[in-house]
Number of protein chains: 2
Amino acid sequence: MKTLIVIAHPEIKDSSTQAFLKRAATRNLSNVKWHCLDLEYPDFQIDVDTEQRELMQADRIIFQFPLYWYSSPALLKKWEDDVLTRNFTYQDQDGVLAGKQLGIVVTLGTALKNYTAGGSEGFTISELTKPFQAVAKQAGMEFLPPFVVDQFSYMTPEQKARLLTDYQNYINNPHPLSFDGQQAWLVQRLRDKAQRIEDDQQRTLLELTIDQIENNQTELSSLKDQIEMIKRGDNG
Amino acid sequence: MKTLIVIAHPEIKDSSTQAFLKRAATRNLSNVKWHCLDLEYPDFQIDVDTEQRELMQADRIIFQFPLYWYSSPALLKKWEDDVLTRNFTYQDQDGVLAGKQLGIVVTLGTALKNYTAGGSEGFTISELTKPFQAVAKQAGMEFLPPFVVDQFSYMTPEQKARLLTDYQNYINNPHPLSFDGQQAWLVQRLRDKAQRIEDDQQRTLLELTIDQIENNQTELSSLKDQIEMIKRGDNG
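For clarity, every value in this text was computed on a predicted model and none was experimentally measured.

## Points about the relation of the copies chain A and chain B
When chain A is brought onto chain B, the operation consists of a screw motion whose angular component is 180° and whose axial shift is 0.1 Å, with 0.1 Å RMSD remaining. Here the symmetry operator amounts to a two-fold rotation axis. Measuring from the rotation axis to each C-alpha of chain A, the shortest distance belongs to Ala-74 of chain A, at 2.7 Å.

If you want it as structure tokens, here you go:
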């Protein structure tokens, strides 16, 4: 699965959040392309052909940006206006994006809890990202639930470690939303990691841990099946 | 009351809709400023000081644009990102926009009836304009219900005449939403017109018509009062 991350951030070079996400996206993950519009097109002149080629090669497209006036910074909108031509995009005109996925990674300077009815921001992220959801709908793309980075600068090291895994899951896991999909992806990543360990003892320890996780999953599935059978009255 | 209309339309020179609205906004209406960003800033380099000065002088600010990917064209977003600095805008930082009004005039190429749950566009104009509503909220501005121009090119002459009056009401009437406010504004505009008629007979005819409208309004008010009294059981 190939992922294209389209980033808009007018102050990308000073953003520790984006630097963190870039390390997460490009270290140990294959098939992830990091594409910052501000570095590529500081003059707002988008190369439409190049951008459309990149989109055609991706299975998952991520728009990643800090929330600027309750939407993306202007350059991503310029990119949409220029690149997403009608023939290229509209599903009912055989647009080429149909079946791909669209995700939103939005970083917040104000706490997420304020984005609610009655809160200081007044509207939810789900409400504010509807224009992007509408693009996905028109293109026949699957819209992924927006991934929110809630005030990165206030995060503890533990929260950042969790963010790293969750973010990698969001951009790289073929089934990022289901619990089983998240588990399978995690196991696969651990197996990849085990293969790269040279010390025999350490590798064996990690492999045993992975086996244990998988055994737990099997047991969980078995217990779920038994509960279903009991519910159906089929308990003999 | 001063109104500033901030227009974003990448093909403004070819737009018959915008030409129509411009005639409506600038003919016979005083205190309306027509301000097209595409003509002013084709290179996306916004003059922030000038724009902030214009905003400070306006009582009602209108964002006017064709819907591009379920939002404004990119240049208006650039304008927001550049001009609406935090100190200038946030009500809780003594921003200067508090108490002003923000209106949205959006022109549609696809029929308005498709902007609904289950429709081909999937989302309502109220949903898609929430990011603008959130700006108004943060700035302490009154957000006016969006004014939608529904497929201008398919309108009959009668529909266009109606659009002209409704649009002028939206941009120029101090109380554009209430029925009484609309009537009072219409009568005032007719009186202004009567004063400019040189032919005595024609002017008298129009003045008599205006008197008739006002008499009707008085009678309507009186009937409403009677109904209220009857409802209260106070019918003696």
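## Focus: the confidence of the model for chain A
Regions with low pLDDT carry predicted coordinates that are not meant to be interpreted in detail. A residue-level look at chain A finds 99% of positions with pLDDT of 70 or above and a mean pLDDT of 93. Across the whole predicted complex the pTM is 0.88, and at the interface the ipTM reaches 0.87.

## A closer look at the packing of aromatic side chains
Within the structure shown, the criterion is met by 17 aromatic pairs over all chains. Ring geometry for Phe-20 of chain B and Phe-152 of chain B: centres 5.0 Å apart, planes at 50°, overall tilted. Taken together, the residues span a long stretch of sequence, with Phe-20 of chain B in helix H1 (residues 16–26) and Phe-152 of chain B in the loop between strand S6 (147–150) and helix H8 (157–172) at a distance of 132 residues. Taking relative accessible area as the criterion, Phe-152 of chain B reaches 7% and is therefore assigned buried. Measuring from centroid to centroid gives 6.1 Å for Trp-69 of chain B and Tyr-70 of chain B, while their planes differ by 55°, and the two rings are tilted. On the basis of relative accessibility, which here comes to 11%, the residue Trp-69 of chain B falls in the buried class. Tyr-70 of chain B gets classed as buried once you look at its relative accessible area, which sits at 4%. Cluster of aromatic residues (ring-pair linked, three or more members): Phe-63, Phe-65, Trp-79 and Phe-132 of chain A. Looking at Arg-86 of chain A, its charged tip hangs above the ring of Tyr-90 of chain A, at a distance of 4.4 Å from the centre.

## Things to note about helix H7 (residues 130–139) of chain A
Residue and element names in this part refer to chain A. Counted residue by residue, H7 has eight buried out of 10 residues, so it is predominantly covered. Within H7, burial applies to Lys-130, Pro-131, Phe-132, Ala-134, Val-135, Ala-136, Gln-138 and Ala-139. Phi turns positive, to about 75°, at Gly-140, one or two residues after H7.

## A few points about the pairing of strand S2 (residues 32–36) of chain A
Residue and element names in this part refer to chain A. Across the five residues of S2, four count as buried, placing the element largely inside the fold. Alignment of strand S1 (residues 3–7) against S2, held across five bridges, turns out to be parallel. Each residue of the ladder has a partner; that of Thr-3, found in S2, is Val-32. On the question of chirality, the crossover connecting S1 to the parallel S2 by way of helix H1 (residues 16–26) is right-handed.

## Side note on unusual backbone geometry
Of note in this structure, Asn-31 of chain A is not a glycine but carries a positive phi near 65°. Relative to the helices and strands, Asn-31 of chain A is located in the loop between H1 and S2. With a relative accessible area of 43%, Asn-31 of chain A lands in the partly exposed category. One non-glycine residue, Asp-94 of chain B, lies in positive phi territory at about 60°. Position of Asp-94 of chain B relative to the elements: it lies in the loop between helix H5 (86–89) and strand S4 (101–108). With a relative accessible area of 68%, Asp-94 of chain B lands in the exposed category.

## Examining the layout of surface pockets
Roughly 810 Å³ of volume is contained in the largest pocket. Considering the residues around the largest pocket, the lining is formed by 27 residues, among which Pro-66, Leu-67, Tyr-68 and Gly-109 of chain A together with Arg-86 of chain B are closest to the centre. If you list the elements that add at least two residues to the lining of the largest pocket, you get H1 and strand S4 (101–108) of chain A. Each residue belonging to the lining of the largest pocket can be placed in one class, and the counts come to 11 nonpolar, 11 polar and five charged. Lining the second largest pocket are 27 residues, with Arg-86 of chain A together with Pro-66, Leu-67, Tyr-68 and Gly-109 of chain B sitting closest to its centre. Of the residues forming the lining of the second largest pocket, the biggest block, three residues, is contributed by H1 of chain B.

## Quick look at the interface of chain A and chain B
Contact with chain A, which involves 29 residues of that partner, is made by 29 residues of chain B. Roughly 2700 Å² is buried in total at the junction of chain A and chain B, and carbon and sulfur atoms are behind 68% of that figure. Among the residues chain A hides against chain B, the three largest losses belong to Trp-69, Lys-77 and Phe-123 of chain A. Together they make up 27% of the total. The interface formed by chain A and chain B contains zero salt bridges. On inspection of chain A and its partner chain B, the count reaches 14 residue pairs in polar contact (both at pLDDT 80 or more). Of all elements in the fold, only helix H4 (74–83), helix H6 (125–128) and H7 of chain A reach the threshold of two or more residues within the side of chain A that touches chain B. Tallying contributions element by element places H7 of chain A first for the side of chain A that touches chain B, with seven residues. Across the side of chain A that touches chain B, the residue classes break down as 13 nonpolar, eight polar and eight charged.

## Description of the pattern of salt bridges
Where charged atoms from two side chains of opposite charge approach closely, those side chains can pair. This model, assessed by the stated rule, comprises 16 salt bridges over all chains. Glu-54 of chain A is the salt-bridge partner of Lys-33 of chain A, the closest N and O atoms lying 2.8 Å from each other. Residue Lys-33 of chain A is found in strand S2, and its partner Glu-54 of chain A is found in helix H3 (residues 48–57); the two are separated by 21 residues along the sequence. Of the residues examined, Lys-33 of chain A reaches a relative accessible area of 38% and is grouped as partly exposed. For Asp-200 of chain B, the salt bridge is made with Arg-203 of chain B, and the minimal N-O distance between the two is 2.8 Å. Taken as a pair, Asp-200 of chain B and Arg-203 of chain B lie in helix H10 (residues 200–231) at a separation of three residues, close to a single helical turn. Overall, the relative accessible area of 23% leaves Arg-203 of chain B in the partly exposed class.

The rules behind each value
Residues numbered from 1 in each chain as written. Chains lettered and ligands numbered in written order. Predicted model: local features only at pLDDT ≥ 70, side-chain atom pairs only at ≥ 80, totals over all residues. Heavy atoms only, no water. Least-squares fit on C-alpha atoms with pLDDT ≥ 70 in both. pLDDT = per-residue confidence, 0-100. Phe/Tyr/Trp six-rings, centres within 6.5 Å; stacked < 30°, edge-to-face > 60°. Helix = DSSP H or I, 4+ residues; strand = E, 2+ residues; numbered from the N terminus. Buried < 20%, exposed > 50% of the residue type's maximum accessible area, 1.4 Å probe, protein only. Lys NZ or Arg CZ within 6 Å of the ring centre and 35° of its normal. Pairing = 2+ DSSP bridges. Right-handed = clockwise from strand over helix to strand, strands pointing away. 1 Å grid on protein atoms, 1.4 Å probe; cavity = no way out; pocket = protein on both sides within 12 Å on 5 of 7 lines; lining within 4 Å. Points joined across faces, edges and corners; volume = space filled by probe spheres on them. Nonpolar A, V, L, I, M, F, W, Y, C, P; charged D, E, K, R; others polar. Contact = heavy atoms within 4.5 Å. Buried area = accessible area lost by both parts, 1.4 Å probe. Salt bridge = Lys/Arg side-chain N within 4 Å of Asp/Glu carboxyl O. Polar contact = N/O pair within 3.5 Å; in protein donor to acceptor, adjacent residues only side chain to side chain.

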